[in-house]
Amino acid sequence: MAQDMTTSADPDAKLLIRNIGLLLSGDIGRPILDADAVVAVGGRITAIGRVSDIDAEGATTVIDAHGCALAPGLIDSHVHPVAGDWTPRQSQLNWIESTLHGGVTTMISAGEVHTPGRPRDVVGLKAMAVFAQRAFTAFRPGGMKIHAGAPVIEPGMEEHDFKELADAGVRLLGEVGLGGVKDGPTARRMVAWARQYGIQSTIHTGGPSIPGSGLIDAGVVLEADTDVIGHVNGGHTALPDREIRCICEGCRRGLELVHNGNERAALFTLRTAREMGQLERVILGTDGPAGSGVQPLGILRMIAMLSSLGDVAPEVAFCFATGNTARMRALDTGLIEAGRAADFVLLDRAQHSAGRDLLECVQLGDLPGVGMVVIDGTPRINRSRNTPPADKVPEVLA
Ligand SMILES: [Zn+2]
């Protein structure tokens, strides 16, 4: 997998989570697993099953889930980090750590575009990408995995620039269209160079997000042929329905729906993907912090919105933010299966939700309560400070 993040776990640490009431796998082909326990060694999942059947001997940490649900840690496919846990656009500190309290354990940069004085010359943009990749690998607020270092392409870049970036460890392109390259043919050439050297790409879809950015329509999106169609529901201004349909039908690339976009267009995209039998293409992001700001619960809000208004089973909506993204972006997290990183969110119905259990709560549009977040097999937070309180709350026993 191209983008494994070095595990932060002690290689001898053994984690057992038992009494799981509902195990969400993240796998859209089989979103619920018949199991009540998970074991991880050295930060990686080693066993999933009934607690009586699996090897839980010698666990160094035991978590009693007390009947709550466990899902893979959520993945935000679209953020714009800047420096550390600070964003100048909204003058906020600790927004990444706050997002951990929304159940997110992995974030993917769509470009460090809010950096004050962002360089736009080729040498400068390459240097900044390498810096961001290094800085966010080394700095993980609350343990959050941040895949950053996503250069925004500019005219004048040549094939060797993409090779140099790849050799230096850069694995992502920022949103095509946020820099000077806004035409289909140039974008297509650069995206193909990036792909040739193992660099994934995404594109800004729709109207300008903030003054200074531009319109990217369906023709440019399809010609550029990025791996992910970034915020196909607009960021914020969406394309007309017929163009969104044209994108959905005209390629097999990822269809990214973001919180800071147009909700009606998100539901239209979801409906189109379902009609096509291609829900595995749907992935979720927040696009924070942009003009709409930071959304610590943005991914949970998207899951609840799509499930309640988009007529999607809640366990499937969780796959949009976990397994779908992990597969599309070659991440080693996002699925409950042996060998994957032990990144989990433990959650339950919110207290006083009209829903009787987690799934019904989400289907009714209520946000669930997060009771614990685990990254690389280590509990990072207990009860979330941001979600409504969960009904059933897990507990670390030893
Ligand atoms: Zn954008």
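Cut-off values and rules
- Residues numbered from 1 in each chain as written.
- Predicted model: local features only at pLDDT ≥ 70, side-chain atom pairs only at ≥ 80, totals over all residues.
- Heavy atoms only, no water.
- Donors = N, O, S within 2.8 Å, 3.2 Å for Na, K, Ca; no water.
- Helix = DSSP H or I, 4+ residues; strand = E, 2+ residues; numbered from the N terminus.
- Buried < 20%, exposed > 50% of the residue type's maximum accessible area, 1.4 Å probe, protein only.
- Polar contact = N/O pair within 3.5 Å; in protein donor to acceptor, adjacent residues only side chain to side chain.
- Contact = heavy atoms within 4.5 Å.
- Phe/Tyr/Trp six-rings, centres within 6.5 Å; stacked < 30°, edge-to-face > 60°.
- Domains from an automatic or database assignment.
- Buried area = accessible area lost by both parts, 1.4 Å probe.
- Salt bridge = Lys/Arg side-chain N within 4 Å of Asp/Glu carboxyl O.

Moving on to the coordination of the zinc ion. Bound to the zinc ion on the protein side are Glu175 (OE), His204 (ND1) and His231 (NE2), at distances that span 1.9 to 2.2 Å. Sequence spacing of the donors to the zinc ion: E-x28-H-x26-H. In this pair, glutamate 175 is assigned in strand β13 (residues 172-176) and histidine 231 in the loop between β15 (228-229) and α6 (241-250), connecting sequence segments 56 residues apart. Exposure class is identical for glutamate 175 and histidine 231. Each is buried.

Relative to the helices and strands, glutamate 256 resides in strand β16 (residues 254-258). Judged by relative accessible area, which is 0%, glutamate 256 ranks as buried. A polar contact is formed between the side chain of glutamate 256 and the side chain of serine 77, at a distance of 2.7 Å. Setting aside residues no more than four positions away along its own chain, glutamate 256 makes contact with Ser77, His78, Val228, Ile229, Gly230, His231, Val232, Asn233, Ile283, Gly285 and Arg329.

Right, let's talk about the packing of aromatic side chains for a bit. For the structure shown, the criterion picks out one aromatic pair. Here the aromatic rings of phenylalanine 162 and tryptophan 193 are separated by 6.0 Å at their centres, their planes lie at 45 degrees, and the arrangement is tilted. Here phenylalanine 162, found in helix α3 (residues 159-167), pairs with tryptophan 193, found in helix α4 (residues 184-196); they are 31 residues apart in sequence, far enough to count as distant. Both residues of the pair, phenylalanine 162 and tryptophan 193, count as buried.

This brings us to the environment of valine 294. Residue placement: valine 294 occurs in the loop between β17 (282-285) and α8 (298-309). On a C-alpha basis, the gap between valine 294 and valine 79 in space is 9.4 Å, while along the polypeptide they are 215 residues apart. Setting aside residues no more than four positions away along its own chain, valine 294 makes contact with Thr87, Gln92, Trp95 and Pro289.

According to the domain assignment, the chain consists of domain 1 (14-72 + 335-396) and domain 2 (74-296). A straight line from the C-alpha centre of domain 1 to that of domain 2 covers 29 Å. Facing the 16 residues of domain 1 at the interface are 18 residues of domain 2. When domain 1 packs against domain 2, the two sides together hide about 1200 Å² of surface, and 56% of this comes from carbon and sulfur. Taken together, the connections running from domain 1 to domain 2 amount to four salt bridges.

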